[in-house]
Every structure is written in C-alpha cells, then in structure tokens.
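Each chain, letter by letter, is given below.
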Amino acid sequence: MLVITIPAAYGQEYQELGVRVMTVAENLDIPWSIAWLPDGVILFTERTGHLRVIQDGTLLGEPVLALDVAGSEGGLLGVAVDPNYNENRYIYLYYTYNEFLSKTNKVVRYVYTDSNISKDMTVIDGIPGGPTHDGGRIKFGPDGKLYITTGDAGRPDLSQDVNSLAGKILRVNPDGSVPKDNPFEGSAVYSLGHRNPQGLDWDDAGNLVITEHGPSGWMGSAHDEINVIVPGANYGWPKVIGDDTQDGLTDPIIHTGNETWAPSGATFYYSDAIPQWTGKYFVATLRGNHLNMIDFEPGNVEAYSSQKLFEGEFGRLRDVAVGPDGSLYILTSNMDGRGAPQPGDDKILRVLPTIASFEECVLAGYHTTESRPTQCITPNGLHFEKAMPCSMVSKENPFFLATNLDSYDTGDILLAEGCVDDSKRFAEISIIIQNPQGVTVAEEPVFPGNGGEFAYEFILDESVFLVNGTYAVAVEADGVYYSTKMVTVPEFGIVISWVFGAGLLMIILFQGRLFGRYRDSKITAKF
C-alpha cells in the first residue's frame, strides 16, 4: 500500500485509495461505539464505563457520564441517538453490569442536553452477560425501531432458545415495548442463532446486514460471518458453521473460512464525499487488523467482492461509522489487552478525501483551470471549484482580486461574475458603461439579485469600442460610489477584478481592437 507522509493538518495520505486518515482524538480508554447529535457533536463510549464528547473538534477533558460496569469483554458498549433527538433529547446506552454472581446487559435511555445527562428509563434488561460474547451494538433502523445485537454470553445453547435474549438480534420501540410486527408475538427477538454479533447496518434497499464472530473452541475456529437478517430466521449457532447446512437454518452470505477477522462495527457508505466508496459495506476487524470493504452487487447481496484497507496500519479496529460530514470514522481497540498498543492509542480516526477543498487542491500543487469558474483537478479526477468570497469583504474594506484569463481574438467583452450575500435582496445588478461625458453608451442587467453566484459575458455593441488606455472603474451601490480607481487597459487580457461591500463583482475588460471611438471611458457597476 502506497503511503505518503504529509503535514499533520492533512493526516496520513493513501494516494491509491484517494483518501487520507487524520487523528480526531487519542489516548482513549478502549473506545467502543460512536454516534452524532444533529448539531455535529460526537458521542462515544469507552468500554471502561465513560461516555465522552467531542465538540467543535475538541475532546472534552472529562466524561459526561461514568457508569459502574462489569469488565472483561463487557462494559459500556453501544450508543445510539434517537431519530427525534431535537424534540426529545434521548440517547441510548448498552452496558454490562454485575448482578450478584452474574453479569447482565441492558439498554438504558437518557436525556442529554448541553452536556447535562440524566437517566430516563430502562428500555430492556435481562440480556444474559458474561466475561465474553456480550454483543452490544445498538442502532436505529429505517423503520424507527431500535435494533440490538446480543451475544451468547459464553453459553451457546441460549442462542437457540427463543425465550432467551442471548445470541439474538432484538428489535424494540424506543420506549422498550415490543413492535406488533415482530416475528415472535410479544417478544423482542427478531432473529436467533447468533454467537457474538457486533455490527449492523442497512443498505439502501432496506436489507439489514450484520457482522458476527465465528467460533474459537470445540467447533473449530475462524468462520466469521456476514449475515443478511430475515425476521424470525435462525442463523445456526451452535449447530452449523461455515459451509455446513441444515434444514431450517439460514446460511451466511459471507464467511471467512479458516481466516479470522473478528469483525465488529459495520456501516454502509452512502455519501458523495468519497465517491469511489459509495454503496460499499465497511467492517472494522479486530484480529484482522484491517478495515474490510465489501462491494455487494446492486440488488444482489449474495454477489460480492472484498478488499482489505489499512491492513496492519492502525491495529485492532472496533467500530466504523459515517459522520454527517461524509467522512468515515474508525475506533481503534489496541488497549483492550489483545492488541499491541502504539503511542497515542487508542484513537478515533477520520478518513476523508485526499483533497477536500479548492484551497487544499491548490496547496498540493495540482492543476487549476483557466476557464471560469476556476477549478482545481486532482490526479484521481476530483474537481474542486473556487468559491466566491462573499463574506470576506466589506464596503469599508474593498480589495482587488486578479486572475489570468485567455484573451479574446475579436470584439470588446466585459465579463462580470461573483456572488451576492443571501441576506441582501437587490432587485437588479447592471453593468453600465459611460463615456467621459457621463453618457451611458451600454447597459445590461447581469443578475436579478436574490443572493447567490452569477456570471455574465457582456459583448458590446459594434458601435462601442474600448481600446487600450486609462479608464475609471467604480462601484455604485444605492446611489453611492465606492473607491473609483483609474486602471490601464492593456492590448490583451485582464484589467481588474473588483470586490466590494455587499458582495463580489469582478469587472474584466478584454482588448481585441487597437482603435475605437471611446478612449478613457468610465465603466460603472451599478446595483
């Protein structure tokens, strides 16, 4: 894998993938699950019992919640944000707790507002727990129901017991009640026969796809699974693994054979931020030490190809999720006693395009076009358009912006382009050309101003000639002139780009003739 080291602000670059990886937070204590509030605030759990927050790109020093949890593979695991968070402020946590001589898992709903958190209710309790196989991923589905993965708690027989909550995919309403359309009447059980599922997400066709740890004991080892969940189906643990089949049991769509991934969190990627990854299913692997990218054939989840990304680069990976910015976020798990910690572990990593903006593209030295609008093009074909800096100027502080453009062979052309602040509601923007006596010789509306960007080519009438010489350029807004400036018109090329208060207006004169009627004409941009 080709890796290029670039400045820290850009992270570690993987040119052949078209992405770079940045560290969002480090020195964490076994991070397990990540979710976002509608305003972009990041919530994540640490298995040791801490709920932590990243706000405006900064990790808050203290956890917002510290729970007394049971240890080993259990602890504070999944976190989910209610789809109606803006109205109810609910978040959900899955955690393991000690109960006499046993361990149990439950999902609890909290009210979280402005870093203040309080318990609202227990959504579901009595999920068998143990030192291993506690499941723990929770996520809201497209139907608004809460889905929960549970492990067999080290007791494989429970996975086949429909009356037990262990070794299952559970489906409940946000208040813990059982949906009427669940496959087993009055039961939260949605599917059974699972060993230790830790990842789940839905494709754009509504298929629920989960990840599941394979055996590591008397049944053999490896054979990790990817399963498409059908309500009420039995996925076979501990009766079958791998290619084994049995009537009444549902086979995995993928199993790893004799290779162990130890798959955990998973997500489908549907964003145009990294267009080459759209539609792919990503799986964080622990033992595998890689991010697995699975490409299902559209409309057929049983036809696929897969690729290992970042193999051996970041160690054990516990979760992967898509942020509201379209970036892919990865949680490492090198401090869980089974990894080889590196400096800074554990971490939250952010995967984003190699270049994410026009400015970054230019800084990297990639090709910029001379056509308008100006674009910067990366080697892998991404195009970034130069934004008009409406908010960068004021009437009190105008400035000039110069750009080199190709000249025209014939005719005198006035090119106006720019943008107008959406808060301004101008009726019309016009280009007005006047002779030295103040007589208008050409006028044409450029933009019916309701805010936004505009571009317009103004080809002068044949009777109007602008030759090389000195001109007065001014901006008139609401009857007031701003910074009239004398400029020299060369034989070819750009004259001036003018930026002023309410927005941006660029006035560019191209000289294509050597002689003309109006020398020293006055050109006014009028709002």
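Rules and cut-offs
- Residues numbered from 1 in each chain as written.
- Predicted model: local features only at pLDDT ≥ 70, side-chain atom pairs only at ≥ 80, totals over all residues.
- Heavy atoms only, no water.
- Helix = DSSP H or I, 4+ residues; strand = E, 2+ residues; numbered from the N terminus.
- Polar contact = N/O pair within 3.5 Å; in protein donor to acceptor, adjacent residues only side chain to side chain.
- Buried < 20%, exposed > 50% of the residue type's maximum accessible area, 1.4 Å probe, protein only.
- Contact = heavy atoms within 4.5 Å.
- Pairing = 2+ DSSP bridges.
- Core = buried A, V, L, I, M, F, W, Y, C linked by side-chain atoms within 4.5 Å.
- pLDDT = per-residue confidence, 0-100.
- Axes fitted to C-alpha atoms, helices over the stretch in contact; angles between N-to-C directions.
- Salt bridge = Lys/Arg side-chain N within 4 Å of Asp/Glu carboxyl O.
- Phe/Tyr/Trp six-rings, centres within 6.5 Å; stacked < 30°, edge-to-face > 60°.
- Lys NZ or Arg CZ within 6 Å of the ring centre and 35° of its normal.

Caption draft 1: Structural view of the side chain of Asp336. Along the chain, Asp336 falls in the loop between strand 28 (328–332) and strand 29 (348–353). Here the side chain of Asp336 touches Ser333 through a polar contact of 3.0 Å, side chain to side chain. Side-chain polar atoms of Asp336 contact the backbone nitrogen of Arg338, separated by 3.0 Å.

Caption draft 2: Inspection of the side chain of Thr149 at higher detail. For Thr149, the location among the structural elements is in strand 14 (residues 146–149). Owing to a relative accessible area of 0%, Thr149 belongs among the buried residues under this scheme. Once residues within four sequence positions are removed from consideration, Thr149 is found in contact with Tyr94, Asp134, Gly135, Gly136, Arg137, Lys168, Ile169, Pro197, Gln198 and Leu200.

Caption draft 3: Molecular detail of the sheet that holds strand 17 (residues 197–202). Reading across from one edge, 17-18-21-22 is the order of the four strands in this open sheet, with antiparallel pairing throughout. If you trace the sheet from one side to the other, it starts and ends with strand 17 and strand 22 (254–255), each paired once. Bridge count between strand 18 (residues 208–212) and strand 21 (residues 225–228): four bridges; the pairing is antiparallel. Following the sheet pairing, Val209 is matched in strand 21 by Val228.

Caption draft 4: Highlighting the nonpolar core. Counting residues in hydrophobic clusters, the biggest one holds 21 residues, and the most contacted among them are Leu51 and Ile91. Sorting the residues of this core by element identifies strand 6 (50–55), strand 9 (76–81), strand 10 (90–99) and strand 11 (102–113) as the ones contributing at least two each. Element by element, the count of residues in this core is highest for strand 10, at four residues. Apart from residues no more than four positions distant in its own chain, Ile91 is found in contact with Leu37, Leu43, Leu51, Ala80, Val81, Tyr85, Val108, Arg109, Tyr110, Tyr112 and Ile117. Counting residues in hydrophobic clusters, the runner-up holds 20 residues, among them Ile274, Leu317, Ile330 and Val351.

Caption draft 5: Layout of the confidence of the model for the protein. Confidence in the prediction for the protein averages 78 pLDDT; 70% of positions are at 70 or higher. Every residue in residues 466–527 is under pLDDT 50, and counting partners more than four places away or in other chains gives 215 contacts.

Caption draft 6: Up close: the sheet that holds strand 11. An order of 9-10-11-12 is seen for the four strands of this open sheet, with the pairing classed as antiparallel. Lying at the two open borders of the sheet, with one neighbouring strand each, are strand 9 and strand 12 (116–128). Averaged over neighbouring strand pairs, the angle between their axes works out to 25° when direction is ignored. Sheet topology note: the strand 10/strand 11 ladder contains ten bridges and is antiparallel. In the strand pairing of strand 11, Ile91 is matched with Tyr110.

Caption draft 7: Spotlight on unusual backbone geometry. Of note, the amide linkage connecting Trp237 to Pro238 takes the cis form, showing an omega dihedral of 0°. Positionally, Pro238 belongs in the loop between strand 21 and strand 22. Omega for the peptide link from Asp345 to Asp346 comes to -10°, which places this bond in the cis form. Structurally, Asp346 is set in the loop between strand 28 and strand 29.

Caption draft 8: A look at the pattern of salt bridges. Under the criterion given, the structure shown has ten salt bridges. The residue Arg338 makes a salt bridge to Glu73 at a minimum N-O spacing of 3.0 Å. Linking Arg338 in the loop between strand 28 and strand 29 with Glu73 in the loop between strand 8 (65–66) and strand 9, this pair joins segments that are 265 residues apart in sequence. The class of Arg338 is exposed, set by a relative accessible area of 57%. On the basis of relative accessibility, which here comes to 18%, the residue Glu73 falls in the buried class. A network of salt bridges, in which partner residues are shared, links Asp143, Arg171 and Asp181.

Caption draft 9: Spotlight on the packing of aromatic side chains. Applying the stated criterion across every chain, the model contains twelve aromatic pairs. Ring centres of Phe268 and Tyr281 lie 4.5 Å apart, and the angle between their planes is 40°; this geometry places the pair in the tilted category. Of the two residues, Phe268 sits in strand 23 (residues 263–268) while Tyr281 sits in strand 24 (residues 281–285), which places them 13 residues apart along the sequence. As far as burial versus exposure is concerned, Phe268 and Tyr281 are alike and both buried. An angle of 85° between the planes, with centres 6.5 Å apart, marks the rings of Tyr269 and Phe282 as edge-to-face. With Tyr269 in the loop between strand 23 and strand 24 and Phe282 in strand 24, this pair connects stretches of sequence that are 13 residues apart. Take Tyr269: its relative accessible area is 0%, and that puts it in the buried class. Directly above the aromatic system of Tyr97 lies the positively charged group of Lys106, at a separation of 4.7 Å from the ring centroid. We note Arg195 situated over the ring of Trp237; from NZ or CZ to the ring centre the distance is 5.4 Å.

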